[in-house]
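# Topology and contacts: notes
Below, each chain spelled out in residue letters.
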Amino acid sequence: MHDVEAVVLVGGKGTRLRPLTLATPKPMLPTAGVPFLAHLLSRIQAAGVRRVVLGTSYLAETFSDAFGSGAQLGLEIEYVVEEHPLGTGGGIRNVAKHLSADNVLVFNGDVLCGTDLGAVVDTHRRTDADVTLHLVRVQDPRAYGCVPTDDSGQVLEFLEKTEDPPTDQINAGCYVFRRSVIESIPEGRPVSVERETFPGLLAAGARVSGHVDNAYWRDMGTPADLIHGSADLVRGVAPSAALAGPVGESLVLEGAEIAQGALVFGGTTVGRGARIGAGARVEGSMVFDGAVIGAGAVVEHSVVGTGSRVEDGASVRDTVIGDRAVVGAHCELRDGVRIWPDVVLPPHGVRFSADV
Ligand code: GTP
């Protein structure tokens, strides 16, 4: 695949993941010990692609600061910044002059996926397509863009989120574009590939192929998916060559301390220098660097932000705690609570599904 280039769209603001994305773009959130994007880049590299262009906008410099030339990952990475976000299609168009390959793999930068990228490119070539979309079959397609195909694999239409989807095939956020098609996207204004480019190509009679499979797939756009996807990486359910340690029930990074009698499992990552107190129970969670979980505390399916503290006996379920926040002793948080950075919750507070 040396003759294929890759584009990864990483310019979104990640509003659904606030407050985690206030200071860190979604694709750079620590996931199983490395920035999330490192997992995707490792799969691109393993597929034999060498040149990757990142379409950045929000907090653009964090990407080049982290990945530099890409040499450490065995890649050549170029960064293209949109001053004003141009959307998914506009972002692809904006990198066109940095591409030279005939066929270009394009990724949404927030998708965790186990598909065989070489097979997606093969489908594109075999069907002589203008664009090929990776489509994945999911149990509940209602929350996604639904994409029916005919017997030859030609895409028939694009349906936005619908209560009554005609197929379980959804747009997986990974495409192969013929480069000339990228050049035909209007320049200099926001464009959505899903809402404008793909329907427009179909209306114009273009060959738009679907490559359907049942690979592991998860869009990391919401806190629940981010937490679940991170646990899948730690447990080896989601494939990655970039994991910061062996797969297992937990991933404990350098300098972290886990007191005797604490239970840490379900794909939990314990960040660098973090501490888990005696008798604490931490399941399927992301504990960021320097965070502290007190004695006897319970943390389930939650994010505990960098340098934040969950004090003794607190119980935190399905919660996102921003950086440097403090959850007082014996507090109870659950059902999608989000704690903003630096907030201090006094002991014994109880919160359900609220932003604090
Ligand atoms: P939400 O605000 O939570 O919806 O997140 P988001 O801004 O990341 O949007 P979405 O999840 O729809 O984006 C899918 C992928 O496209 C992500 O990897 C984004 O970083 C990327 N993306 C979204 N909008 C833009 C844009 O305007 N420019 C570029 N370059 N990438 C974008």
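Residues numbered from 1 in each chain as written. Predicted model: local features only at pLDDT ≥ 70, side-chain atom pairs only at ≥ 80, totals over all residues. Heavy atoms only, no water.

### Looking at the overall build of the protein chain
This is how the line gets drawn: In DSSP terms, a helix is any run of H or I states spanning at least four residues, a strand is any run of E spanning at least two, and both are numbered starting from the N terminus. Here the globule rule is a power law, 2.2 Å times the number of residues to the power 0.38, and the radius of gyration is based on C-alpha atoms. Throughout this description, buried means an accessible area under 20% of the type-specific maximum (1.4 Å probe, protein chains only), exposed means over 50%, and partly exposed covers the range between. The contact definition used throughout considers only heavy atoms, calling two residues in contact when any of these lie within 4.5 Å. To measure how exposed things are, a 1.4 Å probe is used in the Shrake-Rupley method; for residues, cover is taken only from the protein chains shown. Positive charges come from Lys and Arg, negative ones from Asp and Glu, while His and the chain ends are left out of the count. Every charge is mapped to an atom, namely NZ of Lys, CZ of Arg, CG of Asp or CD of Glu.
Assigned secondary structure in the protein chain consists of seven helices and 29 strands. Taking 2.2 N^0.38 as the reference for a compact globule, 356 residues should give roughly 21 Å; the C-alpha atoms of the protein chain span a radius of gyration of 21 Å, in line with that estimate. The dimensions of the protein chain, computed from C-alpha atoms along their principal axes, are 65 × 45 × 35 Å. Burial statistics for the protein chain: of 356 residues in total, 54% are counted as buried. When contacts within the protein chain are restricted to residue pairs at least 6 apart in sequence, long-range pairs at least 24 apart make up 50% of them. When the accessible area of the protein chain is evaluated, it comes to approximately 14,500 Å², of which 49% is carbon and sulfur surface. Looking at charge distribution, the protein chain has the averaged site of its 30 positive side-chain charges lying 2 Å from that of its 44 negative ones.

### Overview of the packing of aromatic side chains
Here is the rule we go by: Any two of the Phe, Tyr and Trp rings considered here, Trp counted by its six-membered ring, make a pair once their centres fall within 6.5 Å; the pair's planes then place it as stacked at under 30 degrees, edge-to-face at over 60, or tilted in between.
This model, assessed by the stated rule, comprises five aromatic pairs. Considering the side-chain rings of Tyr144 and Trp217, the 5.3 Å spacing of their centres and the 80° angle between planes classify their relative orientation as edge-to-face. Of the two residues, Tyr144 is situated in the loop between strand S8 (131-137) and strand S9 (169-178) and Trp217 in strand S11 (residues 217-219); the sequence distance between them amounts to 73 residues. Residue Tyr144 is classed as partly exposed on the basis of its relative accessible area, which comes to 23%.

### Examining the sheet that holds strand S20 (residues 298-300)
Here is the rule: Strand pairing requires that DSSP identify at least two bridges connecting the strands. Note on method: axes are straight lines fitted to C-alpha atoms, helices fitted across the in-contact stretch only, with angles between N-to-C directions ranging 0 to 180 degrees.
Taken together, six strands build an open sheet; the order of strands is S14-S17-S20-S23-S26-S29 and the sheet is parallel. The open sheet terminates on both sides in strands that have one partner only, identified here as strand S14 (263-265) and strand S29 (350-352). Ignoring strand direction, the axes of neighbouring strands in this sheet form an average angle of 5°. In this sheet, S20 lies alongside strand S17 (residues 281-283) in parallel orientation, the contact comprising three bridges. Bridge pairing in S20 links Arg281 to Val298.

### Topic: the domain arrangement of the protein chain
Going by this rule: The domain limits used here are those given by an automatic or database domain assignment. Put simply, buried area is how much 1.4 Å-probe accessible surface two parts lose in total, over both of them, once they are put together. Whenever Lys or Arg places a side-chain nitrogen within 4 Å of a carboxyl oxygen from Asp or Glu, that contact is recorded as a salt bridge.
The assigned domain composition of the protein chain is domain 1 (4-221) and domain 2 (249-352). Taken residue by residue, the interface counts 10 residues in domain 1 and 14 residues in domain 2. At the boundary of domain 1 with domain 2, total buried surface from both sides reaches about 860 Å², with 70% on carbon and sulfur atoms. When the buried surface of domain 1 facing domain 2 is broken down by residue, Pro19, Leu20 and Gly33 rank first, second and third, together holding 50% of it. Run the count over domain 1 and domain 2 and you get zero salt bridges.

### Overview of the layout of surface pockets
Stated precisely, the cut-off is as follows: Both cavities and pockets are sets of points on a 1 Å grid over the protein atoms alone; in a cavity a 1.4 Å probe fits but cannot get out, in a pocket the set is open with protein on both sides within 12 Å along at least five of seven lines, and lining residues sit with an atom within 4 Å of a point. Grid points are joined across faces, edges and corners, and a volume is the space filled by probe spheres set on the points. Amino acid classes used here: Ala, Val, Leu, Ile, Met, Phe, Trp, Tyr, Cys and Pro are nonpolar; Asp, Glu, Lys and Arg are charged; the rest, including Gly, are polar.
When its volume is computed, the largest pocket comes out at roughly 1,200 Å³. Along its surface, the largest pocket is lined by 44 residues, and Arg16, Thr88, Asn108, Glu194 and Asp219 are the ones closest to its centre. At the level of secondary structure, the elements contributing two or more residues to the lining of the largest pocket comprise helix H3 (87-94), S9, helix H6 (193-203) and S11. With four residues, the top contributor of residues to the lining of the largest pocket is S9. Taken together, the residues of the lining of the largest pocket break down into 17 nonpolar, 16 polar and 11 charged. Of the pockets and cavities examined, the second largest pocket occupies roughly 230 Å³. Residue classes in the lining of the second largest pocket are distributed as 10 nonpolar, four polar and two charged. When residues are assigned to domains, the lining of the second largest pocket turns out to be shared by domain 1 (4-221) and domain 2 (249-352), each giving three or more.

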